[in-house]
Amino acid sequence: MTAKILDGKAIAEELRNSIKDEVERQVAQGNKRPGLAVIMVGEDPASQVYVRNKKLACEKAGFKDVSEVLPASTSQEEVLALIDKLNADDDVHGIIVQLPVPDHINPEEIIERIHPCKDVDGFHPYNVGRLATRMPQLMPCTPHGVMTMLAKTGIPLRGLNAVVVGASNIVGVPMMLELLNERATVTICHSATKDLAEQVGRADLVVVGVGIPNMVKGDWIKDGAIVIDVGINRMDDGKLCGDVEYDVAKEKASWITPVPGGVGPMTIATLLENTMKVAYQLDCKLK
Ligand SMILES: Nc1nc2c(c(=O)[nH]1)N[C@@H](CN(C=O)c1ccc(C(=O)N[C@@H](CCC(=O)O)C(=O)O)cc1)CN2
């Protein structure tokens, strides 16, 4: 079997176009443009690419971009003060801090300082708790983008054996919660998992986000499984590669995401979707 491609790039483009249309409709009715603040501290090369792409997507969708790039020497207090200012600004609907941050910055304290109703990354404990209690409000962009991609492709999840490899707060844990909320039977694997090949081998759906190139071998994949590769690793030759051994896995899977052009573009489109939700839909009950 050769897998069909889950074309995240095309699905994300369609989503971004519908967001752009909705923004123009809202603006024509006298509403504000959604405002997004991406805060980046330092000069991590991969983050520079992602932040540039987020700013570009913002601009194309008709959002107000109020992003800030701060030097690596910026203190924790300076970042917190900037977040306080953005929390109080009515033109700013979404605030995110691009991760990773330099070592002297405490990301948990930063994330908790963002008002939960402007937390368009969905990382604040309030939003994680809402997702865990099946009352989702703002959901983390990568896992929610994966869910959108699966829904738009018409892949049902109920009752599937889903295996999530990697237990990060950005991908693995919220992915597990999203799949559970759609009534998949979910296993989450991490560095202490005993036999990863065996776990992956019984999955109808496998989602991998570990940041290790080709870590999941293609011959572990069950015939006909759906393979979602969240990894984006830049190799010495400059090429991007995922966490799954793509060339072998694609001969076993029924559906597979490519890298690049799979999950990455969905992450950015979902960030716009979350920001638009805050601007036009969310009824925030929190002070
Ligand atoms: N505050 C956050 N930080 C990070 C997140 C996040 O969701 N919020 N996720 C990742 C990085 N990420 C988003 O910021 C991200 C990664 C990849 C892409 C993407 O479009 N990838 C392209 C390839 C781009 C390239 O040329 O390198 C693709 O896969 O086709 C977008 C966003 C960690 N930090």
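Residues numbered from 1 in each chain as written. Predicted model: local features only at pLDDT ≥ 70, side-chain atom pairs only at ≥ 80, totals over all residues. Heavy atoms only, no water.

Identification of the chain as Bifunctional protein FolD from Thiomicrorhabdus sediminis is taken from an unreviewed UniProt entry. If you open the UniProt record of the chain and go to Subunit (unreviewed entry), you find "Homodimer." Here the chain is described in UniProt, under the heading Function (unreviewed entry), as follows: "Catalyzes the oxidation of 5,10-methylenetetrahydrofolate to 5,10-methenyltetrahydrofolate and then the hydrolysis of 5,10-methenyltetrahydrofolate to 10-formyltetrahydrofolate." (UniProt positions renumbered as here; feature names shortened; annotations may be inferred.)

Peer 1: Explain the site of the ligand here, please?
Peer 2: By nearness alone, 17 residues border the ligand, and Lys54, Val97, Leu99, Asp121 and Gly261 come closest of all. At a separation of 2.9 Å, an oxygen atom of the ligand approaches a polar side-chain atom of Gln98. A total of 690 Å² of accessible area belongs to the ligand in isolation, and the protein chains cover 85% of it. Those elements giving two or more residues to the shell around the ligand turn out to be helix 2 (45–60) and helix 10 (263–280). Counting residues per element, the shell around the ligand draws most heavily on helix 10, at four residues. Among the residues forming the shell around the ligand, the class breakdown is 10 nonpolar, four polar and three charged. Shared between two domains, the shell around the ligand takes at least three residues from each, and those domains are domain 1 (30–117) and domain 2 (141–264). (Near = heavy atom within 4 Å. Polar contact = N/O pair within 3.5 Å; in protein donor to acceptor, adjacent residues only side chain to side chain. Areas by Shrake-Rupley, 256 points an atom, 1.4 Å probe, with all protein chains shown as cover. Helix = DSSP H or I, 4+ residues; strand = E, 2+ residues; numbered from the N terminus. Nonpolar A, V, L, I, M, F, W, Y, C, P; charged D, E, K, R; others polar. Domains from an automatic or database assignment.)

Peer 1: Explanation requested: the side chain of Thr142 in the structure shown.
Peer 2: Examined against the element boundaries, Thr142 turns out to sit in helix 6 (residues 141–153). Classification of Thr142 as buried rests on a relative accessible area of 12%. Of the polar contacts made by the side chain of Thr142, one reaches the side chain of Thr267; its length is 2.9 Å. Discounting residues that sit within four places of it in the chain, Thr142 has contacts with Val171, Val230, Val263 and Thr267. (Buried < 20%, exposed > 50% of the residue type's maximum accessible area, 1.4 Å probe, protein only. Contact = heavy atoms within 4.5 Å.)

Peer 1: How should the domain arrangement of the chain be read in this particular structure?
Peer 2: A common way to report how large an interface is uses the accessible area buried once the components associate. If you check the domain split of the chain, you get domain 1 (30–117) and domain 2 (141–264). With centres defined by C-alpha atoms, the gap from domain 1 to domain 2 works out at 28 Å.

Peer 1: I'm lost on the state of the cysteines in this one. Help?
Peer 2: Note: disulfide means a covalent bond formed between the sulfur atoms of two cysteine side chains. Per the counting criterion, the structure on display carries one disulfide. In this model, Cys117 is linked to Cys284 through a disulfide, with the two sulfur atoms separated by 1.9 Å. Handedness of the Cys117-Cys284 disulfide follows from its S-S torsion of about 70 degrees: it is right-handed. Of this pair, Cys117 sits in the loop between helix 4 (107–113) and helix 5 (125–132) while Cys284 sits in the segment after helix 10, placing them 167 residues apart in sequence. A relative accessible area of 6% places Cys117 in the buried class. Left unpaired, Cys141 is separated from the closest cysteine sulfur, that of Cys58, by 12 Å. Relative accessible area serves as the criterion here: at 4%, Cys141 is assigned to the buried category. (Disulfide = S-S within 2.5 Å.)

Peer 1: What exactly am I supposed to notice about the side chain of Thr270 here?
Peer 2: The residue Thr270 is located in helix 10 in this model. With a relative accessible area of 0%, Thr270 lands in the buried category. At 2.6 Å, the side chain of Thr270 and the backbone oxygen of Met266 are in polar contact. Aside from chain neighbours lying at most four places away, what touches Thr270 is Cys141, His144 and Gly145.

Peer 1: Where do I start with the nonpolar core in this structure?
Peer 2: As a rule of thumb, soluble globular proteins bury nonpolar side chains together. Core analysis: the biggest nonpolar cluster contains 48 residues, and Leu179, Leu205, Ile226 and Ile228 have the highest contact counts within it. Per-element accounting of this core gives the leading share, nine residues, to helix 10. For this core, the domains that each give at least three residues are domain 1 (30–117) and domain 2 (141–264). Discounting residues that sit within four places of it in the chain, Leu205 has contacts with Leu157, Leu160, Asn161, Ala162, Val163, Leu179, Ile226 and Ile228. In this structure, Cys189, Leu196, Val208 and Ile221 belong to the second largest nonpolar core, which totals 17 residues. (Core = buried A, V, L, I, M, F, W, Y, C linked by side-chain atoms within 4.5 Å.)

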